[in-house]
Amino acid sequence: MGKDTEKRIALSVQDDVLADALEAFLSVHYTLLRDDGKAEYDLRLVDHAAERNDGRDLAVKIPLRAGVLLDMIGQFFARQEAASLKQVLTIGKCRFIPAERILRLKAGSGEAPLTEKEADILLYLYNRTGENVTRAELLENVWKYNAAVNTRTLETHIYRLRQKIQALSGEPLIETGEEGYIFTGNKKK
C-alpha cells in the first residue's frame, strides 16, 4: 500500500506513547498531524470521549492490532467517499447506492431499502469482493465489537441482506466460506 498523501489524519490521543506509535505506523500510509483544534483533517483518531465529533472521529482502543486499524481507516474513507460522491455500485443485477442505503434493480422498478448496518456490511464485502471475510473481521470493522462477543447479530443481518439481494436479483451474491463470508458480486460501476 502506497502513501495516500491526500488523506489527512489528526491524532487526538492523550497517551503520548500511543500517539508516537500511531504516528510512526500510520505516517507510512497517510499524512498525519497532531490535533491542535485548528488542524484541517479528513479523519481524527481519538482514545477518549471527544468534545467535538462531527462524524470524522474514530476511536482507538488498546490492545490495538495494526491490520484491524488499517481496515477501519480504509472502511471509514470508503464510506466517506461513497457518501460524498453519491457513488453507485453494481451488485449483480442491482445498483447499490451506499449514501442512500438503497439497492435497486438496474432494469425495472424493484428496490429494497437497507438498514445502516446492512449497507455497511454490503459496502465492506463489496470492497473485499472474492475474499473470505471472517465473522470476527466484520464484527470488529462494522460493529466495532470484540470478536469474542457472543452475538448472533451479524448472522441475522447477513441473512436479511441475502434475502433482499436474492429477492431483487435472483442471485445469491453472499456465500458462506470456510471461516466467514465471500461476496461474489462484480465491482463494475
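Note that the coordinates shown come from a computational prediction; the quantities given were computed from them, not determined experimentally.

## Overview of the sheet that holds strand E6 (residues 94-97)
Through backbone hydrogen bonds, the strands of a sheet pair up, either in parallel or in antiparallel fashion.
Next up, step 1: Spatially, E5-E6-E7-E8 is the arrangement adopted by the 4 strands of the open sheet, whose pairing is antiparallel. At either end of the open sheet lies a strand with only one pairing partner, and these are strand E5 (89-91) and strand E8 (111-113). The mean angle between the axes of side-by-side strands here comes to 25 degrees, regardless of whether they run parallel or antiparallel.
Next up, step 2: Relative to strand E7 (residues 102-105), E6 runs antiparallel, the two sharing 4 bridges.

## So, the side chain of Asp57
Next up, step 1: Examined against the element boundaries, Asp57 turns out to sit in strand E4 (residues 57-59).
Next up, step 2: Since its relative accessible area comes to 15%, Asp57 is described here as buried.

## Focus: the sheet that holds strand E9 (residues 132-134)
Next up, step 1: Read from one edge to the other, the open sheet built from 3 strands follows the order E9-E11-E10, with strand pairing classed as antiparallel. Strands at the two margins of the open sheet, each flanked by one partner only, are E9 and strand E10 (174-176). Sheet twist, expressed as the average angle between the axes of neighbouring strands with direction ignored, equals 35 degrees.
Next up, step 2: Relative to strand E11 (residues 180-183), E9 runs antiparallel, the two sharing 3 bridges. When the sheet's bridge partners are listed, Asn132 is paired in E11 with Ile182.
Next up, step 3: Along the sheet face, helix H3 (residues 116-126) touches E9, E10 and E11 and points at about 70 degrees away from the line of E11.
Next up, step 4: Across the sheet, helix H4 (residues 135-143) is in contact with E9 and E11; its angle to E9 comes to roughly 65 degrees.

## Some thoughts on the pairing of E6
Successive side chains on a regular strand alternate, one facing one side of the sheet and the next facing the other.
Next up, step 1: Both E5 and E6 contribute to a ladder of 3 bridges, which runs antiparallel. Across the sheet, the residue bridging to Thr90 is Arg95, located in E6.
Next up, step 2: Here E6 hands over to E7 after 4 residues, with Arg101 in that stretch at a positive phi of 55 degrees.

## Examining the pairing of E7
Next up, step 1: As paired elements, E7 and E8 share 3 bridges and run antiparallel to each other. The partner of Ile102 across the bridge, within E8, is Pro113.
Next up, step 2: Between E7 and E8, which pair antiparallel one after the other, the connecting turn spans 5 residues, and Gly108 there sits at a positive phi close to 110 degrees.

## Here we look at the pattern of salt bridges
Next up, step 1: Under the definition given, this model contains 12 salt bridges.
Next up, step 2: Taken together, the shared-partner salt bridges in this structure form one network comprising Asp20, Glu23 and Arg34.

## Brief notes about the packing of H3 against H4
Next up, step 1: The contact between H3 and H4 brings their axes to 10 Å, and the two run at 120 degrees. When the axes of H3 and H4 are compared, the pair comes out oblique. Once H3 is placed against H4, the crossing between them reads as right-handed. On H4, the residues touching Lys117, Asp120, Ile121, Tyr124 and Leu125 of H3 are Glu137, Leu138, Asn141, Val142 and Trp143.
Next up, step 2: When grouped by side-chain class, the residues that make up the contact of H3 with H4 number 6 nonpolar, 1 polar and 3 charged.

## Some words on the packing of aromatic side chains
Centre distance and the angle of the planes are the two values used to describe a pair of aromatic rings.
Next up, step 1: All told, the structure shown has 3 aromatic pairs when counted by the stated rule.
Next up, step 2: Each ring, one from Tyr30 and one from Phe77, has its centre 5.7 Å from the other, and the planes form 45 degrees; the classification is tilted. Linking Tyr30 in strand E2 (residues 30-34) with Phe77 in helix H2 (residues 66-85), this pair joins segments that are 47 residues apart in sequence.
Next up, step 3: In this structure Phe77 comes out as buried when scored by relative accessible area, which is 6%.
Next up, step 4: Summarising the aromatic geometry, the rings of Tyr126 and Phe183 are spaced 6.2 Å apart at their centres and angled 55 degrees between planes, so their arrangement reads as tilted.

The rules behind these values
- Residues numbered from 1 in each chain as written.
- Predicted model: local features only at pLDDT ≥ 70, side-chain atom pairs only at ≥ 80, totals over all residues.
- Heavy atoms only, no water.
- Pairing = 2+ DSSP bridges.
- Helix = DSSP H or I, 4+ residues; strand = E, 2+ residues; numbered from the N terminus.
- Axes fitted to C-alpha atoms, helices over the stretch in contact; angles between N-to-C directions.
- Buried < 20%, exposed > 50% of the residue type's maximum accessible area, 1.4 Å probe, protein only.
- Contact = heavy atoms within 4.5 Å.
- Salt bridge = Lys/Arg side-chain N within 4 Å of Asp/Glu carboxyl O.
- Parallel < 35°, antiparallel > 145°, perpendicular 65-115°, else oblique.
- Left-handed = near helix turned anticlockwise from the far one by under 90°.
- Nonpolar A, V, L, I, M, F, W, Y, C, P; charged D, E, K, R; others polar.
- Phe/Tyr/Trp six-rings, centres within 6.5 Å; stacked < 30°, edge-to-face > 60°.

Everything listed is a geometric property; what it means functionally is a separate question.
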